[in-house]
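# What the coordinates show
Here's the letter readout for the chains.
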Amino acid sequence: MKAFTTVKGLVCPLDRANVDTDAIIPKQFLKSIKRSGFGPNLFDEWRYLDHGEPGMDNSVRPVNPDFVLNFPRYAGAQVLLARENFGCGSSREHAPWALEDYGFRAVIAPSFADIFFNNCYKNGLLPIVLPADVVDQLFRETEANEGYALTIDLAAQTVTTPSGASFGFDITAHRKHCLLNGLDEIGLTLQHADAIRAYEAKRRAEQPWLYR
Amino acid sequence: MTAQTLYDKLWSSHVVHEEADGTVLLYIDRHLIHEVTSPQAFEGLKLAGRQPWRNSSIVATADHNTPTDHWDEGIKDPISRQQVETLDANIKHFGALAYFPFKDRNQGIVHVVGPEQGATLPGMTVVCGDSHTSTHGAFAALAHGIGTSEVEHVLATQTLVAKKSKSMLVRVDGQLQPGVTAKDIALAIIGKIGTAGGTGYAIEFGGSAIRALSMEGRMTLCNMAIEAGARSGLVAVDQITLDYVKGRPFAPSAEQWEAAVAYWKTLVSDEGAQFDAVVELKAEDIAPQVTWGTSPEMVTDVNGRVPNPAEQADPVKREGYQRALNYMGLAAGTPIQQIGIDKVFIGSCTNSRIEDLREAAAVIKGRKKADSVKLVLVVPGSGNVKAQAEAEGLDKVFTDAGFEWREPGCSMCLAMNADRLEPGERCASTSNRNFEGRQGQGGRTHLVSPAMAAAAAIAGHFVDVRTF
Ligand code: SF4
């Protein structure tokens, strides 16, 4: 996993609530058996005017000029600014894969759906919860200032605006450690292999019907 | 000892290791797998040279991509076929307790197959790379959806890195009106608390109306917990649970049955257990529900009207309502019963079990679908449901009414196979998500119960099934 330390990135504002994972990456792209290559189809139904299918040459498809990701001023954005309950719906990890593959390193919203939130951390994508009024302010500033960029410092747990205003955010110690160091979580867990085996042996004795 | 919730009991009995910040390693008893969210996980396992920790925890099936007709012709879409064949190969290579591949007589939607096989048992932790894993909580199993990285993590370690959720009790007391079902309870709850109302919580459903539900109804309810934002839903064990589980292929054998039952009977919230939130509904107040927008919380009862966005005070909500009406092609103030439909879908892990099909069939008996309705798809949840329905003659009831009777699978719930809506088509659907494009790009979905969907198919528009 890619480590996350500090990111200074252009912000793209996606001003709608309850953005679901079907919208982030539509189902037809879930047929892939790979983990990469989803970026060109991020928000496919909003981003293009035609119907997308896997295997199409996305560079020649008609883009929707009214969709914010297509505004020239947001090209190369690394921080997605969103509204509440971002990432609701299906558990598809293709959603964070698509965001990450597109180039986003962080998503800022007042709230996230649980499964999506969790999936982000496994892919070096940092989901940041900030209070709704702060998110409102960031939306206003982003829209008012071309080239608006935020600095995200994971070690310090802060988001800093160009004018120097700084907002703290929460993250569990475990997740922070894994992200900062780009750690393989499976490897970490397997350090507890003995504890897992001991638990299993006890349960097998108590509830043998679980181990047939 | 302090009184514990059912969730507390399930959680604490599966903690293998706990860190200072409360992050735990949670042991996983049952790992359900389907073709869409597993290939990258198996690939990761291979690349790291790892083996599944306990392949006898795995139960797998192919459901999302499989066609619902012309099974003799196989899977025509080459990319879908590759995904299903990849699952075949991975299970062959890594092993599993059971695999129900495409065309197997036990194949079906993973959340229908697990319980039906007795592979979901009370007291288990159950995970699957699928958000509707919450369904299995109907058995007092701690069940929730996970992402593909977590699928790989569970394969490799039999555990999940997790943090405990808060607990919410949703209590529904009283008696449902005839024609009102578990689906209507679920939609009414979501209408009340919103699609993020349960975020961060595990929801336990309790109260006399829940106790009166069959296992099928409880599964429908827990299935929709995720649409309220909760990763897991729970219903305590009672005699209805035990009667359902007994004798299923992977249920405890005769000599272990008594011990299992003795334990399972403890899987209830203790008297006086504290919940972080409590929501109450009266069963009598719940009318048949119909969604009008692009989120399950955009719902009203069948006698209601499409709301007016201008009446929403919150600007984000107002805009969301307006966008939904534009997408749905609906005018504010339209009575729900005047909304005409083009297609009907009866199926999905929410409503494709035998009881759902019986409810739908009971409504249509002897009647025919409206001419204005182009297609009515009835897709049983599994090969077993299909066989049972055919033994009861339900297939005949459906086909006599002009409905199509199909092979099991996810079908038009998410339209990954050939079953889908065309742009602008409007559908009465028993599935769980009415998101933009969910049933096909530009398609318009209204979520309803099986009885309401069947009645709409006959009438050509929504009708109140209580007086139909
Ligand atoms: S029926 Fe629909 S919601 Fe259920 S598992 Fe299949 S695609 Fe997902």
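Quick summary incoming for the structure in this document. Predicted model, so just to flag it, every value in this text is computed and none were measured.

## Quick word on the nonpolar core
- Formed by 111 residues in total, the largest nonpolar core has its most connected members in A:Phe43, A:Phe86, A:Leu99 and A:Leu126.
- Ranked by residue count, the leading element in this core is helix 15 (residues 450-459) of chain B, at eight residues.
- Those residues within four positions of A:Leu126 in sequence are excluded, and the remaining contacts are A:Phe4, A:Arg105, A:Ala106, A:Val107, A:Tyr121, A:Ile152, A:Leu154, A:Phe169, A:Ile171 and A:Leu179.
- Listed in part, the 80 residues of the second largest apolar core include A:Tyr199, B:Val126, B:Cys128 and B:Met215.

## What about the site of the ligand?
All names here are of chain B.
- Neighbouring the ligand are the residues His64, Ile109, His111, Asp130, His132, Ser348, Cys349, Cys410, Cys413, Leu414, Asn432 and Arg438.
- Taken together, the residues of the shell around the ligand sort by class into five nonpolar, five polar and two charged.
- Of the residues that make up the shell around the ligand, three or more belong to each of domain 1 (6-163) and domain 2 (289-459).

## Points about the pattern of salt bridges
- Scanning the model with the defined rule gives 34 salt bridges over all chains in all.
- Notably, a salt bridge pairs B:Arg438 with A:Asp22, separated by 3.0 Å at the nearest N-O pair. Of the two residues, B:Arg438 sits in the loop between strand 18 (426-429) and strand 19 (444-447) while A:Asp22 sits in helix 1 (residues 21-24), which places them in two different chains. Of the two residues examined, B:Arg438 and A:Asp22, each falls in the buried class.
- In this structure, the salt-bridge partner of B:Lys386 is B:Glu390, at a minimum N-O distance of 3.4 Å. Of the two residues, B:Lys386 and B:Glu390 are both situated in helix 13 (residues 383-391); the distance of four residues between them amounts to about one turn of the helix.
- The exposure class assigned to B:Lys386 is buried, which follows from its relative accessible area of 15%.
- A cluster of three or more residues bridged by salt bridges with shared partners is formed by B:Asp69, B:Glu404, B:Arg406 and B:Asp419.

## Side note on the packing of helix 6 (residues 182-193) of chain B against helix 8 (residues 215-223) of chain B
Residue and element names in this part refer to chain B.
- Their axes nearest at 8 Å, the elements helix 6 and helix 8 cross at an angle of 25°. Relative to helix 8, helix 6 is oriented roughly parallel. The crossing of helix 6 and helix 8 is right-handed. Only Gly217, Thr220 and Leu221 of helix 8 make contact with helix 6, whose side of the interface consists of Ala182, Lys183, Ile185, Ala186 and Ile189.
- Its residues assigned to classes, the contact of helix 6 with helix 8 comprises five nonpolar, two polar and one charged.

Rules and cut-offs
- Residues numbered from 1 in each chain as written.
- Chains lettered and ligands numbered in written order.
- Predicted model: local features only at pLDDT ≥ 70, side-chain atom pairs only at ≥ 80, totals over all residues.
- Heavy atoms only, no water.
- Core = buried A, V, L, I, M, F, W, Y, C linked by side-chain atoms within 4.5 Å.
- Buried < 20%, exposed > 50% of the residue type's maximum accessible area, 1.4 Å probe, protein only.
- Helix = DSSP H or I, 4+ residues; strand = E, 2+ residues; numbered from the N terminus.
- Contact = heavy atoms within 4.5 Å.
- Near = heavy atom within 4 Å.
- Nonpolar A, V, L, I, M, F, W, Y, C, P; charged D, E, K, R; others polar.
- Domains from an automatic or database assignment.
- Salt bridge = Lys/Arg side-chain N within 4 Å of Asp/Glu carboxyl O.
- Axes fitted to C-alpha atoms, helices over the stretch in contact; angles between N-to-C directions.
- Parallel < 35°, antiparallel > 145°, perpendicular 65-115°, else oblique.
- Left-handed = near helix turned anticlockwise from the far one by under 90°.

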